[in-house]
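The residues making up each chain are set out below.
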Amino acid sequence: MATDRVVCGSSSEIERGEEQEEHDSEARLLRDRFRLSAISIAESEARKSGIEISKVVVSCVADLAFKFTEGLAKDLQIFARHANRKCVNMEDVILSAHRNEHISSYLRSFSNDLRANASERKRTKEIRKNDKTPI
């Protein structure tokens, strides 16, 4: 007796499943690239310091870094949502570092430098625009 295969679910459910599969594939690719970068950095720093580091330790460091980054990204999303925004901004990043005063002050300084550079570029652009005289 032949059995027919029946697919249950609407086309929108199938599309959502395909989108989820694509998202999962992209997430795995991102995770793998992140891990490779973290491994490369750890090995490079070990060479610079003249120490030997086992592959297991490097792999664990890469996994920990990825999990930390995932948690940080979730926190940033929550901060932005709480402020009724769809995008994360620099203040969210600074807020995420509130438990570590050194990192927090570094991020504030970095943010201030970015703002100063942006305003300097804006002034330079305005000066150049004003210097152009019509012929």
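- By the naming in an unreviewed UniProt entry, the chain goes by Protein MHF1 homolog and is assigned to Arachis duranensis.
- One UniProt comment on the chain, placed under Sequence similarities (unreviewed entry), says "Belongs to the TAF9 family. CENP-S/MHF1 subfamily."

**Focus on the side chain of serine 104**
In step 1: With respect to the helices and strands, serine 104 occurs in helix α4 (residues 101–131).
In step 2: Note on serine 104: relative accessible area 2%, which makes it buried.

**A closer look at the nonpolar core**
In step 1: Among the nonpolar cores identified, the biggest contains five residues, and these are Ala38, Ile39, Ala42, Val58 and Ala62.
In step 2: For this core, the elements supplying multiple residues, two or more each, are α1 (11–49) and α2 (55–82).
In step 3: No other element matches α1, which puts three residues into this core.
In step 4: Setting aside anything within four residues of it in sequence, one finds isoleucine 39 in contact with Val58 and Ala62.

**Side note on unusual backbone geometry**
In step 1: Positive phi, close to 60°, is recorded for asparagine 84, a residue that is not glycine.
In step 2: Topologically, asparagine 84 is positioned in the loop between α2 and α3 (90–96).

**Notes on the pattern of salt bridges**
In step 1: On inspection of all chains with the given rule, the structure shows six salt bridges.
In step 2: A salt bridge links arginine 35 to aspartate 63; the shortest N-O distance between them is 2.6 Å. In this pair, arginine 35 is assigned in helix α1 and aspartate 63 in helix α2, connecting sequence segments 28 residues apart.
In step 3: Overall, the relative accessible area of 31% leaves aspartate 63 in the partly exposed class.
In step 4: For the salt bridge of arginine 115 with glutamate 91, the shortest nitrogen-to-oxygen distance reads 3.1 Å. Taken together, the residues span a long stretch of sequence, with arginine 115 in helix α4 and glutamate 91 in helix α3 at a distance of 24 residues.
In step 5: The class for arginine 115 is partly exposed, based on a relative accessible area of 46%.

Criteria and thresholds
- Throughout this description, residue numbers start from 1 for each chain and increase along the sequence as written.
- Residues qualify for local features only when their pLDDT is at least 70, as the model is predicted, and side-chain atom pairs are given and counted only at 80 or more; totals for whole chains, interfaces and linings, by contrast, use all residues.
- With hydrogens and water set aside, each side-chain value is computed from the structure's full complement of heavy atoms.
- UniProt positions are given in the numbering used here, feature names are shortened, and annotations may be inferred rather than shown by experiment.
- Counting from the N terminus, the helices are DSSP H or I runs at least four residues long and the strands are E runs at least two residues long.
- When accessible area is computed with a 1.4 Å probe and restricted to protein chains, residues below 20% of their type maximum are described as buried, those above 50% as exposed, and intermediate ones as partly exposed.
- Here, the term nonpolar core denotes a set of buried Ala, Val, Leu, Ile, Met, Phe, Trp, Tyr and Cys residues that are joined through side-chain atoms within 4.5 Å.
- We call two residues in contact whenever any of their non-hydrogen atoms come within 4.5 Å of each other.
- A carboxyl oxygen of Asp or Glu within 4 Å of a side-chain nitrogen of Lys or Arg is what we treat as a salt bridge.

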